[in-house]
Amino acid sequence: MTGPRSARRARLDQRTRRRALILSAVTAASAVFALIDYDPLKLVPVNPVQAVVLLVLALIAFAGTVLRLRALLYGVGAVMIVLGLIRLFTYGHGTGLITGSVGTAALLAGLGLAYIGTMLAGNKPDI
C-alpha cells in the first residue's frame, strides 16, 4: 500500500511507545543487575556475555521506540525468545554464551514475549 495511511501502519502510538520505553528500561536494568556483583540484585543468574547481549537488545529496542519502528521491537522480541529457547533446550550441555539456569531462559523468553505483546496490544491502525 502507498499513501499516508500505509506510513502510519508501521508506526507506534503514544501509549505503545511509553510501554516499550518502560520495557526497554526494565531490560537494561536486568542486564546491569546481572553485571553488578551484589547478590540481592541477582534474582536470575545471567552470565556477563548474556548481560551484554541483553543490554545491546535493550538499546536496539530503545532506538526502535524512539524511531517508532515496530519491526525493530518485534525483532528484539523474537531474538530474545529464540535465545531463551536455545538456553532451555541446551540446559546442562552448554558452555560460554549459553550457560545459565532455566531462570535465564525464562527471563529471555519472558522479555521477548513482553516486547511482542506490547506491540500486539497497542492501538491498531485503521484499515
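Residues numbered from 1 in each chain as written. Predicted model: local features only at pLDDT ≥ 70, side-chain atom pairs only at ≥ 80, totals over all residues. Heavy atoms only, no water.

## Some details on the overall build of the protein
- Along the protein, the regular secondary structure elements total 5 helices and 0 strands.
- Counting from the amino terminus, the protein carries its helices and strands in the arrangement α-α-α-α-α.
- Counting the 127 residues in the protein, one finds 31% classified as buried. (Helix = DSSP H or I, 4+ residues; strand = E, 2+ residues; numbered from the N terminus. Buried < 20%, exposed > 50% of the residue type's maximum accessible area, 1.4 Å probe, protein only.)

## Quick word on helix α5 (residues 102–121)
- Between the first and last C-alpha of α5 there are 27 Å, a value that for 20 residues agrees with the 28 Å anticipated at 1.5 Å per step.
- Residues T104, A105, L107, L108, A109, L111, G112, Y115, T118 and M119 constitute the buried set of α5.
- Looking at the buried positions of α5, the neighbouring elements they touch are α2 (14–35), α3 (48–66) and α4 (70–89). (Expected span 1.5 Å × (residues − 1). Contact = heavy atoms within 4.5 Å.)

## Section: the confidence of the model for the protein
- On average, residues of the protein carry a pLDDT of 82, and 80% of them reach 70 or more.
- Within the protein, no element has a lower average pLDDT than helix α1 (residues 4–9), which sits at 48, and none a higher one than α3, at 92. (pLDDT = per-residue confidence, 0-100.)

## A closer look at unusual backbone geometry
- If you check the backbone angles, R68 has positive phi at about 60 degrees while not being a glycine.
- Looking at the element boundaries, R68 is found in the loop between α3 and α4.

## With respect to the packing of α4 against α5
- Remark: α4 packs on α5, axes separated minimally by 7 Å, with the N-to-C direction vectors making an angle of 155 degrees. As summarised for this structure, α4 and α5 are arranged roughly antiparallel, according to the angle between their axes. Here the hand of the crossing between α4 and α5 comes out left-handed. Here R70, L73, Y74, V76, G77, A78, M80, I81, L83, G84, R87 and L88 of α4 lie close against α5, whose contacting residues are V102, T104, A105, L108, A109, L111, G112, L113, Y115, I116, M119 and L120.
- The class makeup of the residues in the contact of α4 with α5 is 18 nonpolar, 4 polar and 2 charged. (Axes fitted to C-alpha atoms, helices over the stretch in contact; angles between N-to-C directions. Parallel < 35°, antiparallel > 145°, perpendicular 65-115°, else oblique. Left-handed = near helix turned anticlockwise from the far one by under 90°. Nonpolar A, V, L, I, M, F, W, Y, C, P; charged D, E, K, R; others polar.)

## Topic: α4
- Helix length check: α4 (20 residues) gives 29 Å between terminal C-alpha atoms against 28 Å at 1.5 Å per residue, within 8%.
- Within α4 the residues assigned to the buried category are R70, L73, V76, G77, M80, I81, G84 and R87. Around the axis of α4, the buried residues are gathered within 135 degrees of arc, so they sit on the same side. In α4, the exposed positions angled more than 90 degrees off the buried face are occupied by A71 and F89. (Arc of directions from axis to C-beta.)

## Regarding the nonpolar core
- The biggest cluster of nonpolar side chains holds 18 residues, and the ones touching the most others in it are L54, L73, V76, M80, L111 and Y115.
- Elements represented by at least two residues in this core include exactly α2, α3, α4 and α5.
- Ranked by the residues each element gives to this core, the list is headed by α5, at 5 residues. (Core = buried A, V, L, I, M, F, W, Y, C linked by side-chain atoms within 4.5 Å.)

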